[in-house]
Every structure is written in structure tokens, then in C-alpha cells.
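Here is how the chains run, residue by residue.
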Amino acid sequence: MPFTASIPIPPATGAIRTLGSDPATAPIVLHPGDAISASRRFVYVLLLGALTALGPFTVDLYLPAFPLIEDAFDTTSAAVQLTLTGTMIGFALGQLVVGPLSDTVGRRVPLLIATGAHILASLAAAIAPDLLLLGIARVAMGFGAAAGAVVAMAIVRDLFGGQRLVVMLSRLALVTGLAPVIAPLVGSALLGVMPWEGIFFVLAAYGVVMLACAIFLVPETLPRERRHERGTSTVWQRYRSVLSDRVYVGVLIIGGMTFSGLFSYLTASPFLFQTTYGFDALQYGLLFAVNSVGLVIGNQVAARLAARFGPQWVLAGATAMLVVSGAAIVICDQLGLGLWGTVVPLFVFMTTCGFTFPCAQVLALDRHGKAAGTAASLLGASNNGVAGVISPLVGWIGGSAGITGTTMASVMVGCAIVGVLALWLVVRPRTVERLNP
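Residues numbered from 1 in each chain as written. Predicted model: local features only at pLDDT ≥ 70, side-chain atom pairs only at ≥ 80, totals over all residues. Heavy atoms only, no water.

**A few points about the overall build of the chain**
Here is the rule we go by: The secondary structure listing takes helices from DSSP runs of H or I that are at least 4 residues long and strands from runs of E that are at least 2 residues long, numbered from the N terminus. Buried means the residue's accessible area, taken with a 1.4 Å probe over protein chains only, is under 20% of the maximum for its type, while exposed means over 50%, and partly exposed covers the values in between. Whether two residues are in contact is decided by their heavy atoms: any pair within 4.5 Å suffices. Areas reported here follow the Shrake-Rupley algorithm with a probe of radius 1.4 Å; residue values treat only the protein chains shown as occluding.
Tallying secondary structure elements over the chain gives 15 helices and three strands in all. Counting the 437 residues in the chain, one finds 54% classified as buried. Put simply, of all contacts in the chain between residues at least 6 apart along the chain, 80% involve residues at least 24 apart. Surface summary for the chain: the accessible area is close to 17,900 Å², and the carbon and sulfur share equals 70%.

As C-alpha cells, this is what we get:
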């Protein structure tokens with residue numbers, strides 16, 4: 001085992017005493033991960049981050065290939081879009097299955113099985129002879145990729161709590177926010193050197209690497225005795241435990257609305273910046289890179305602020321700023337301020353998303369260590385499921401007039417307002433206790 005051996009001490013403290021030459025005088029740590037060295041924590045961040053990124057890359061890596069797939073199968077763009085919808089449905093369903101399962105049988109087994117299924121589905125997508133079979137393979141790919149995201153968050157919660165949980169989840173939230181933005185850029189680069197089918201071979205290779213890492217480097221962090229603790233021994237009990245928590249439900253809404261606002265930008269931006277503002281591929285990629293910097297800044301600053309003031313209060317400022325920055329895009333667009341009137345408040349919006357994601361994850365998982373897999377699965381499934389439903393509203397609102405800054409930001413503002421209401425009416429920050437050390 002890669003962790004320092006430990007023995008339990010009185011359960012009221014929730015702490016463990018690390019074993020050494022003299023266990024009686026060895027240091028006491030509150031959570032198993034507190035005994036892990038800084039270098040090993042860094043390795044786990046990289047590994048768990050890569051597992052988390054498998055999902056967003058599976059969803060978004062092939063987006064630049066849509067026109068090529070449309071031509072290859074002599075179909076319509078709407079039909080090709082359905083393969084994306086199927087992927088997100090599979091991703092959401094996979095999280096709902098894998099999360100509770102990982103609380104029942106441990107973290108490793110569901111991770112290994114689902115990742116193996118992802119590899120096979122990726123190969124099937126690469127050789128699919130028609131769009132129907134490609135769509136079926138994409139659903140299976142989404143289902144298999146779901147394990148990485150859920151198990152990674154559950155492992156972090158198994159090992160850490162309190163303020164250190166904020167730091168660790170901020171690293172995973174960084175991947176969660178950056179991967180959907182980077183994936184289309186990587187996909188575009190791949191299309192420059194291979195046919196569109198090659199993208200699925202690349203995803204299969206990614207899955208093989210993750211499977212090898214899971215086999216040899218990912219330990220089992222959920223001991224057998226914790227899998228059947230009173231009150232959380234069945235799937236129904238775990239779902240009831242998390243969904244009966246008012247704070248968790250409120251955070252579920254906030255996370256879903258924030259991710260929906262981000263995804264509305266992702267789906268609308270190709271039409272807005274390349275068609276309306278005439279960006280070429282290089283300029284469009286540069287815009288993505290700049291907004292990615294904003295996400296990085298938001299994630300890292302949020303970790304420090306949440307540890308000091310509490311994640312609920314960081315969310316209070318972040319959700320309000322999402323409304324303000326989204327509304328600024330609408331106002332600037334209506335005033336005819338052009339490109340800069342869109343990209344500047346958009347950068348603020350993306351940076352604020354970086355503040356929101358880790359704080360939502362901390363509030364969701366810190367309260368449910370006994371059902372971390374279930375809590376993580378619901379959080380991830382709601383993010384992707386709600387975003388998949390809401391993001392097409394941008395095109396619907398634009399209609400025949402096309403997508404503008406106003407149509408894109410209208411959906412973003414609507415999502416942000418729902419997030420604000422969920423924070424103050426459901427979570428109620430003043431009732432949330434401060435994080436433990």
C-alpha cells in the first residue's frame with residue numbers, strides 16, 4: 001500500500017494515529033491523506049486529474065470533426081449533433097451507476113471495468129460503418145468515461161477532509177473546467193495529422209494508459225468495513241442521505257447552473273466568434289487559451305479564499321459576479337460595443353466559473369464522506385445532464401437571426417440567476433458550518 005499504515009483511535013475524534021517506531025507518540029492526523037508526503041500528493045493530483053479529464057476529452061475531442069463526419073456518412077448536422085447528446089447521456093448515466101457501485105464494492109473494481117469498456121467503445125466508434133453504430137458507440141464511450149471523474153473525486157474525499165480537501169478538489173476542478181475548453185483545440189490539431197477516425201483511436205490509447213495507471217498506481221481507498229456502515233449500506237440509503245441534505249441539493253443546483261453557463265459559451269462560441277466576428281482558427285484558439293487562463297486563476301485563488309473564509313462565502317461572491325458579467329455582455333452587445341464588449345466580460349465570467357467549481361465540490365463532498373461516490377456521481381451527472389438540456393437554448397433563442405452576444409449571454413445570465421437563488425434560498429450560507437482543519 002502506498003499510504004502510511006494506520007490504526008483507528010476513538011471514533012469521536014475521527015482522527016488516526018500514524019504508526020512509527022513508537023505508535024503511542026506518533027503524530028495524530030485527522031484524515032488518511034494527511035500522512036501522505038507532498039510529493040506523493042502531487043503524483044495523485046496528476047493521476048486523478050488525468051482520470052477526470054478522460055470524460056471531458058471523450059465528450060469534446062471530436063467536436064471539430066463534425067463537418068467531416070457529416071460528409072462521411074452523408075447525413076445532416078443535426079444527426080451528427082445527436083451523437084454528442086448520446087455521449088452526454090451516457091456520461092451522466094455512467095456516473096449515476098458507478099458512483100453508488102464504488103461505495104458498495106470499492107473504488108478500483110468499477111474504475112477498471114468502466115475504463116476497459118471505454119477502450120472497447122472507442123475502438124468501435126473508430127470503425128463504425130454508419131452513424132447509428134457510431135452513436136451507439138458514443139453512448140458507451142460516455143458511460144465508460146464516467147468512472148474516472150466519479151472515482152477520482154471519491155478517492156480524494158476518502159483521503160482528505162476540511163481545508164486540505166479544498167486544495168485537492170481545486171486541482172480536480174481545474175481539470176474539470178479546463179478540459180472541455182482545451183479538448184476541441186487538441187481535436188483540431190489531431191485532424192491536421194490524421195483522419196477523423198483517428199481521434200477515436202487516440203481516445204482508446206488514452207483509455208489504455210489510464211487503465212494501466214489504475215491497475216498499478218491507484219490504491220483501494222475505501223476499506224471493506226466502511227462499505228456497509230449503518231445508514232449507508234444500500235444504494236437507496238446513500239441517495240436518500242445526500243438528497244435529504246438541503247445544502248447538498250442547493251450546491252447541486254449551483255454546480256449544474258454554472259456548468260450550463262460555461263457549456264452555453266462552448267457551444268455558441270464557434271458561431272459567435274468565427275461567423276459573427278470573423279475569427280480564423282488561430283484567433284479562435286487564442287481566445288480559448290486566454291479564457292483557460294481565467295479558469296486557472298479562479299480555481300487557484302478560490303482554494304485559498306475558501307480555506308480562509310469558507311466555500312459558501314466564496315460562492316456568494318462568485319454567483320453574483322456570474323450574473324454581473326453575463327449581464328455586461330448583453331448590455332455591451334446592445335450598445336454596439338463590438339468584440340471587446342464581449343470578450344472582456346466573457347473573461348470575467350470564465351474566471352468566476354473557476355471560483356465556483358471547487359467550492360461547490362467541497363460543500364457537496366465534505367458533508368458526505370460515507371457516500372462520497374454517490375455524492376460525486378450526482379454532482380457530475382447533474383452538471384452534464386443539465387448542461388446538455390440547457391445549452392441548445394442558445395440556438396433556439398437566436399432562431400433564424402443567428403447567435404449573437406446577447407443570445408449567448410441571455411442563457412448564461414439565466415443560469416447564474418438560478419444559481420444565486422439556490423445559494424440564498426436553499427443553501428443559506430449563514431447556516432453552513434466552517435470547514436474543519
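Moving on from the model shown.
**Remarks on the packing of helix α11 (residues 311–334) against helix α15 (residues 405–427)**
The following threshold applies: Here an axis means a line fitted to C-alpha atoms, over the contact stretch when the element is a helix, while the angle between two N-to-C directions is reported on a 0 to 180 degree scale. With respect to orientation, any angle under 35 degrees is reported as roughly parallel, any angle over 145 as roughly antiparallel, any angle of 65 to 115 as roughly perpendicular, and every other angle as oblique. By convention the crossing between two helices is left-handed if the near helix lies anticlockwise of the far one by an angle smaller than a right angle, and right-handed if it lies clockwise. In this classification, Asp, Glu, Lys and Arg are treated as charged, Ala, Val, Leu, Ile, Met, Phe, Trp, Tyr, Cys and Pro as nonpolar, and every other residue, Gly included, as polar.
Relative orientation of the contacting elements α11 and α15 amounts to 155 degrees, with a least axis distance of 8 Å. Relative to α15, the element α11 lies roughly antiparallel. The handedness of the crossing between α11 and α15 is left-handed. Its residues placed into classes, the contact of α11 with α15 shows 17 nonpolar, eight polar and one charged.

**Observations concerning the confidence of the model for the chain**
For the record, the criterion: Confidence scores labelled pLDDT are given residue by residue by the predictor and lie between 0 and 100.
Scored by pLDDT, the chain has a mean of 81; 86% of the residues are at 70 or more. Averaged over each element, pLDDT in the chain is lowest for strand β1 (residues 6–8) (35) and highest for α11 (95). pLDDT under 50 marks residues 1–28. Its contacts with residues more than four places away, or in other chains, come to 45 contacts.

**Examining the packing of aromatic side chains**
The description of an aromatic ring pair rests on the distance of the ring centres and on the angle between the ring planes. Condition: Any Phe, Tyr or Trp ring, taking Trp's six-membered ring, that has another such ring centre within 6.5 Å forms a pair; planes under 30 degrees apart are called stacked, those over 60 apart edge-to-face, and the others tilted.
With the rule as written, the count across this model stands at nine aromatic pairs. Centre to centre, the rings of F57 and Y206 are 6.2 Å apart; their planes meet at 70 degrees, and the pair counts as edge-to-face. Pair noted here: F57 is in helix α1 (residues 38–60) and Y206 is in helix α7 (residues 197–216), with a separation of 149 residues, a long-range link. For the pair F259 and F263, a centre-to-centre distance of 6.0 Å together with 25 degrees between the ring planes defines the contact as stacked. Here F259 pairs with F263, and both are found in helix α9 (residues 246–276), just four residues apart, close to one helical turn. The exposure class of F259 is buried, given its relative accessible area of 6%. Within the aromatic cluster, the residues linked to one another by ring pairs are Y62, F73, W196 and F200.

**So, the nonpolar core**
We count it as follows: Here, the term nonpolar core denotes a set of buried Ala, Val, Leu, Ile, Met, Phe, Trp, Tyr and Cys residues that are joined through side-chain atoms within 4.5 Å.
In terms of nonpolar packing, the biggest core is built from 65 residues, with I69, L134, F200, Y265, F273, L346 and M408 touching the most fellow members. If one sorts the elements of this core by residue count, α9 sits on top with nine residues. Beyond its immediate chain neighbours, meaning those up to four positions away, Y265 contacts F273, L287, F288, N291, L346, M350, M408 and M412. Among the nonpolar cores identified, the runner-up in size contains 56 residues, and L169, A318, L378 and A422 belong to it.

**Some points on a nonpolar patch on the surface**
What counts is decided by this rule: Nonpolar side chains (Val, Leu, Ile, Met, Phe, Trp, Tyr) are joined into patches within 5 Å and like charges within 9 Å, using only residues with over 30% relative accessible area and no salt bridge. Note on definitions: salt bridges are taken to be side-chain nitrogens of Lys or Arg within 4 Å of carboxyl oxygens of Asp or Glu.
On the surface, a cluster of nonpolar side chains totalling about 870 Å² of accessible area is made up of V293, I297, V301, L305, F309, W313, I417, L421, W424 and L425. Mapped onto the elements, L421 comes out in helix α15. The class for L421 is partly exposed, based on a relative accessible area of 47%.

**A look at the packing of helix α5 (residues 131–159) against helix α13 (residues 372–390)**
Where α5 meets α13, the axes come as close as 8 Å, and the angle between the chain directions of the two elements is 140 degrees. By the angle between their directions, the pair α5 and α13 is classed as oblique. Crossing of α5 against α13: the hand is right-handed. Across from V150, M153, A154, R157 and D158 in α5, the residues of α13 making contact are A372, G373, A376 and S377. Classifying every residue of the contact of α5 with α13 by side-chain character gives five nonpolar, two polar and two charged.

**Points about the side chain of T407**
Here is the rule we go by: A 3.5 Å cut-off defines polar contacts: any pair of N or O atoms within that distance qualifies, except that in protein one atom must be a possible hydrogen donor and the other a possible acceptor, and neighbouring residues in sequence count only when both atoms are side-chain atoms.
Among the secondary structure elements, T407 is positioned in helix α15. Of the polar contacts made by the side chain of T407, one reaches the backbone nitrogen of T404; its length is 2.8 Å.

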